[in-house]
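Fold and geometry: a report
Listed below, chain by chain, are the residues.
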There are 4 protein chains.
Amino acid sequence: MGLFTKLRERVDAFLHDEDLKRKLYVIIFESDTPKGKLFDTCLIGFIIASVVVVILESIQSFSYHYTFALRILEYVFTAFFTFEYLVRIYCSPRPKKYIFSFFGIVDLLATLPVYLSFFFAGTRYLIVIRAFRLIRVFRVFKLFNFLKEGNLLLKSLRISAPKIFVFFFFVLILVTSIGTIMYMIEGNQPGTQFNNIPNSIYWAIVTMTTVGYGDITPVTPAGRFLSAIVMLIGYTIIAVPTGIVSATMVGEQRKRSRYKCPNCHQDGHEELAEYCKYCGSKLENYNSGK
Amino acid sequence: MGLFTKLRERVDAFLHDEDLKRKLYVIIFESDTPKGKLFDTCLIGFIIASVVVVILESIQSFSYHYTFALRILEYVFTAFFTFEYLVRIYCSPRPKKYIFSFFGIVDLLATLPVYLSFFFAGTRYLIVIRAFRLIRVFRVFKLFNFLKEGNLLLKSLRISAPKIFVFFFFVLILVTSIGTIMYMIEGNQPGTQFNNIPNSIYWAIVTMTTVGYGDITPVTPAGRFLSAIVMLIGYTIIAVPTGIVSATMVGEQRKRSRYKCPNCHQDGHEELAEYCKYCGSKLENYNSGK
Amino acid sequence: MGLFTKLRERVDAFLHDEDLKRKLYVIIFESDTPKGKLFDTCLIGFIIASVVVVILESIQSFSYHYTFALRILEYVFTAFFTFEYLVRIYCSPRPKKYIFSFFGIVDLLATLPVYLSFFFAGTRYLIVIRAFRLIRVFRVFKLFNFLKEGNLLLKSLRISAPKIFVFFFFVLILVTSIGTIMYMIEGNQPGTQFNNIPNSIYWAIVTMTTVGYGDITPVTPAGRFLSAIVMLIGYTIIAVPTGIVSATMVGEQRKRSRYKCPNCHQDGHEELAEYCKYCGSKLENYNSGK
Amino acid sequence: MGLFTKLRERVDAFLHDEDLKRKLYVIIFESDTPKGKLFDTCLIGFIIASVVVVILESIQSFSYHYTFALRILEYVFTAFFTFEYLVRIYCSPRPKKYIFSFFGIVDLLATLPVYLSFFFAGTRYLIVIRAFRLIRVFRVFKLFNFLKEGNLLLKSLRISAPKIFVFFFFVLILVTSIGTIMYMIEGNQPGTQFNNIPNSIYWAIVTMTTVGYGDITPVTPAGRFLSAIVMLIGYTIIAVPTGIVSATMVGEQRKRSRYKCPNCHQDGHEELAEYCKYCGSKLENYNSGK
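Basis of the calculations
- Residues numbered from 1 in each chain as written.
- Chains lettered and ligands numbered in written order.
- Predicted model: local features only at pLDDT ≥ 70, side-chain atom pairs only at ≥ 80, totals over all residues.
- Heavy atoms only, no water.
- UniProt positions renumbered as here; feature names shortened; annotations may be inferred.
- Contact = heavy atoms within 4.5 Å.
- Buried area = accessible area lost by both parts, 1.4 Å probe.
- Salt bridge = Lys/Arg side-chain N within 4 Å of Asp/Glu carboxyl O.
- Polar contact = N/O pair within 3.5 Å; in protein donor to acceptor, adjacent residues only side chain to side chain.
- Helix = DSSP H or I, 4+ residues; strand = E, 2+ residues; numbered from the N terminus.
- Nonpolar A, V, L, I, M, F, W, Y, C, P; charged D, E, K, R; others polar.
- Least-squares fit on C-alpha atoms with pLDDT ≥ 70 in both.
- Buried < 20%, exposed > 50% of the residue type's maximum accessible area, 1.4 Å probe, protein only.
- Arc of directions from axis to C-beta.
- Phe/Tyr/Trp six-rings, centres within 6.5 Å; stacked < 30°, edge-to-face > 60°.

In the annotation of an unreviewed UniProt entry, chain A is listed under the name Ion transporter and assigned to Parabacteroides acidifaciens. What UniProt records for chain A under Subcellular location (unreviewed entry) is the sentence "Membrane".

Laid out in structure tokens, this is it:
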């Protein structure tokens, strides 16, 4: 029996060590045990620290003095996150499901940029994607009520999505047309910023969304007249997405307020209530967004 | 029988070739057959391509090198759209109805600017009106749900229209008055941008709609005080169109949720449902926006 | 019997000529007869023309050439409006009620500025107040539905007024505090625009209402951090007036939809309906905003 | 019996003089008696005057001439407010409760800055916190209805708080990521304002909240394209807080309209009603925000 066979055996045993996997799973994926909680708290600390490092690195007066220290920290964090990612795959009962889950993809994207930066300079900054890992914070600190709110928000947005998609399709056609007309009106002014249609479309979006930077502004009377009309249109259609989301939320809330206690059949429960306020029985499916 | 009579006969036969008309109609107006789908997909591709050509043409650094190619492409697209427009009229069972329909007018406007540009320089850019032809995309790809959403949006806007019209009438009177008062306050500052009442009205609209370019800003204490008041008024009345549209949408949604299944007379169906969730019978007129 | 007594008699007879008064009243105050309609249409034309004259006068390149013509037109319009005002008082059955009504006051304010301009230069521009006389347009052209919409808008705003008043009281305290803190942070930067507290308060209002001119902007890290927080606060509290007005409008609409036909007691009438859709009887008090 | 004992006795008697305390309490804390009303009116006048003094002091052209007078006024007001604060503690039946109440803390913070300014220059301006004392104005002038509106607003905001908190958590992650990507795109332009990630995050917040100062703007095509997308995202998610607050307010209003008169059990009472419109009995707990 050679060294290689021995090694392979060891690796095999390790890969099938169900007991170790279960232990690691409890620590890494769950946060009910003291060890699990400690791990998750450290993890969140590391994520925030690594995002702060990236931000500090971009400040010249700062990075000039501490380049080396910041770079070392960055590599340490990346090594830790890479290791953590591999352990997560290892101890997950169904690795594939984890890898293709939302968190699995974010965890991968959170480490890749540093490795890519060896080949493409500048991609290093993409590691702020790590910030998205912070969404775990709700799970870790048992902020279930907040998660529920998040679900309700997401559900309202999802229900509103087709309406909002249609809305943006029309907005896109509108800003293209308006941008072109403004280019025709203002384009031949000396030194104008409306020097091509893409810039005019950019102006139309800046104006319609009421952002109004002022880096591109009309100077001719006709241009000012048209842009006043564009603003009033923007002012009116700003109401449309708001109306859509408001109507959806009112609808969702009404559904909840119609929910009847499964035991005593009375309705009108407080938002986020867990138990019926009349008979004390559990309100099932009440806050799950149904 | 001369050549002319023969030609006339041919044209006559062509103009009354009902079989050909039906075949073309199925390809051009419908999109259920493979050929029809292919035609519509190509058409959408051509529309996008021709809008992109117009946009590229406006970018100087680009059009400098490719003027000729872009101009050729533009003429090719225009020839194709003109031909398509004529075929549509030819094969339509009721040509007049098509010509004066929304799409008929857009199809005409999508070709005219190029011909007009022979007489009036600059009108060429108006061919971005072609972008509106893209609304067909919903029909082609059977995005009926999206069309329904569009209808609901349009209906809500149509119901809200009189309220919004009254609202804008008052806004117009308001910005005229505010613009004049600002002209009186700031107009005699050296180098001021408030140099006449139309510019001051433009400023009032820019401020009230919260766009705030910053190309015209007050510098005197009195002007700043008045503009702070204008902003707070704008902040409050921005709520009005939003409130109007929201209330209409909530109302529309409630109407839907009151809709009773024609078979079992139960209400509370999901948005966009096609069949009654209690007895499975078809929900007629439910999603059509009634 | 001297000349004076004769004159006095004449004036007396004129002042009590009820027949003339009634005739003038029908022409000036009502708009059901052809003459009344003609008078009101002319009046609206004159109002618009006189506002346009004021606006044109402010444009230097224009007024330079036509000063005299514009001034003459202004005096003609003012003479006409003054005469009309006096006739309105003369033929009104209850003059005092007219004088202190909304339109009575606007009619007076629409003529005064020109007379004041003999004493105080610059007040002449105040005659744009004439624009408010245009509100008559709804009555003249029988746009009753629009008037009703206006009433509903005004009613919603009136109901919301106390909430909005409280809201602005807090906003005022907030912008005063934020302005002062920003003055403390940015005030000692060289060349800063935050050079005193009123300017900082002006900045706080510009920022909170999301207008964002950019004429005053923070440059220090601390100032930028604070202003980011101010923006996010503004972003959230922009929701409050909208929420107030939306909720009021939804409430008003629900009241209407609960309205029962006085004859057949069925509800659910279309907005703006005049007659019951079930039995055809008049829906009293339905659209009056009750 | 020495002087010291005598003094201690006096102080002791003073500290337990329940009659004096009651008298002072009626004047200072209540505002039903003429004296109480007078005191509160003066107090509000003093608060406004002292805030105005701070604002005037910051205006250089003004403070240059009146430094001394303004400083004297400031000390007088501070002495008065300090004395008033001590008297409030003295005459309050439960001093601790007052000290740690909202008004107790504000009253303390309203005097501290002047004393702190002896040690830390510049903190003097913090005395605008006094503005928050003005909230008393509602109690003093019996503007109970306004207070109720304030309560309803606060309640709606409190109920919405968890949703808004979750919303801002996501906004924070979003602006961090967008800011970093913009830094990667625009950061190497000569003379760019996107010179580090914190500035880019500041830009992202300015853009997303639709404030749009224009002090930092993209100049590259890629940067303008990304910022157009950021604006459209901001335009959509501006709807979310509005939707949240609107839905809550609609919900709160519906709860009220469901309130049944305790006597005749009929609902649908007007907002702010005090008595049942059917039987005239008092509507208890109706407007208290329950």
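Describing the interface of chain D and chain C
In this complex, chain D contributes 52 residues to the contact, which on the side of chain C involves 49 residues. For the pair chain D and chain C, the two sides together bury roughly 4,300 Å², of which 74% comes from carbon and sulfur. Inspection of the region where chain D meets chain C yields zero salt bridges. At the boundary of chain D and chain C, one finds five residue pairs in polar contact (both at pLDDT 80 or more). Put simply, the parts of the chain that give the side of chain D that touches chain C at least two residues each are helix H3 (34-58), helix H8 (137-140), helix H9 (144-186), helix H10 (197-208), helix H11 (221-237) and helix H12 (239-258) of chain D. The dominant element in the side of chain D that touches chain C, judged by the number of residues it contributes, is H9(D), at 10 residues. Grouping the constituent residues of the side of chain D that touches chain C by class yields 34 nonpolar, 13 polar and five charged.

Quick word on the relation of the copies chain A and chain D
Taken as rigid bodies, chain A and chain D are interconverted by a rotation of 90 degrees and an axial shift of 0.0 Å, the fit giving an RMSD of 0.1 Å. Both copies are brought into coincidence by an operation consistent with a four-fold rotation axis. Each copy contacts the other with its own distinct surface, as only 19% of the interface residues of chain A are interface residues in chain D too.

Quick word on the interface of chain A and chain D
It is common to give the size of an interface as the accessible area lost on bringing the parts into contact. Each partner contributes to the interface: chain A provides 53 residues, whereas chain D provides 50 residues. For the chain A and chain D pair, buried surface summed over both sides reaches about 4,300 Å², with 74% attributable to carbon and sulfur atoms. Linking chain A with chain D are zero salt bridges. On inspection of chain A and its partner chain D, the count reaches five residue pairs in polar contact (both at pLDDT 80 or more). Going through the elements one at a time, helix H3 (34-58), helix H8 (137-140), helix H9 (144-186), helix H10 (197-208), helix H11 (221-237) and helix H12 (239-258) of chain A are the ones with two or more residues in the side of chain A that touches chain D. Element by element, the count of residues in the side of chain A that touches chain D is highest for H9(A), at 10 residues.

Some details on helix H6 (residues 102-109) of chain C
All names here are of chain C. Along H6, the residues that are buried comprise Gly 104, Val 106 and Asp 107. All buried residues of H6 fall inside an arc of 165 degrees around its axis, so they share one side. Its buried side turned inward, H6 meets helix H4 (60-91) and helix H5 (95-99).

Concerning the pattern of salt bridges
What the rule picks out here adds up to 18 salt bridges over all chains. Between Asp107(B) and Arg88(B) there is a salt bridge, with the nearest N and O atoms lying 3.9 Å from each other. One end of the pair, Asp107(B), is in helix H6 (residues 102-109); the other, Arg88(B), is in helix H4 (residues 60-91), with 19 residues separating them in the sequence. Of the two residues, Asp107(B) and Arg88(B), both sit in the buried class. Glu84(D) is the salt-bridge partner of Arg88(D), the closest N and O atoms lying 2.6 Å from each other. Taken together, the positions of Arg88(D) and Glu84(D), both in helix H4 (residues 60-91) and four residues apart, correspond to about one turn of that helix. Neither Arg88(D) nor Glu84(D) differs from the other in exposure class; each is buried. Salt bridges sharing partners connect three or more residues here, namely Glu84(A), Arg88(A) and Asp107(A).

A short note on the packing of aromatic side chains
All names here are of chain C. Applying the stated criterion across every chain, the model contains 50 aromatic pairs over all chains. Ring geometry for Phe 77 against Phe 81: centres 6.5 Å apart, planes inclined by 20 degrees, an arrangement best described as stacked. Taken as a pair, Phe 77 and Phe 81 lie in helix H4 at a separation of four residues, close to a single helical turn. As far as the burial class goes, Phe 77 and Phe 81 line up, both buried.

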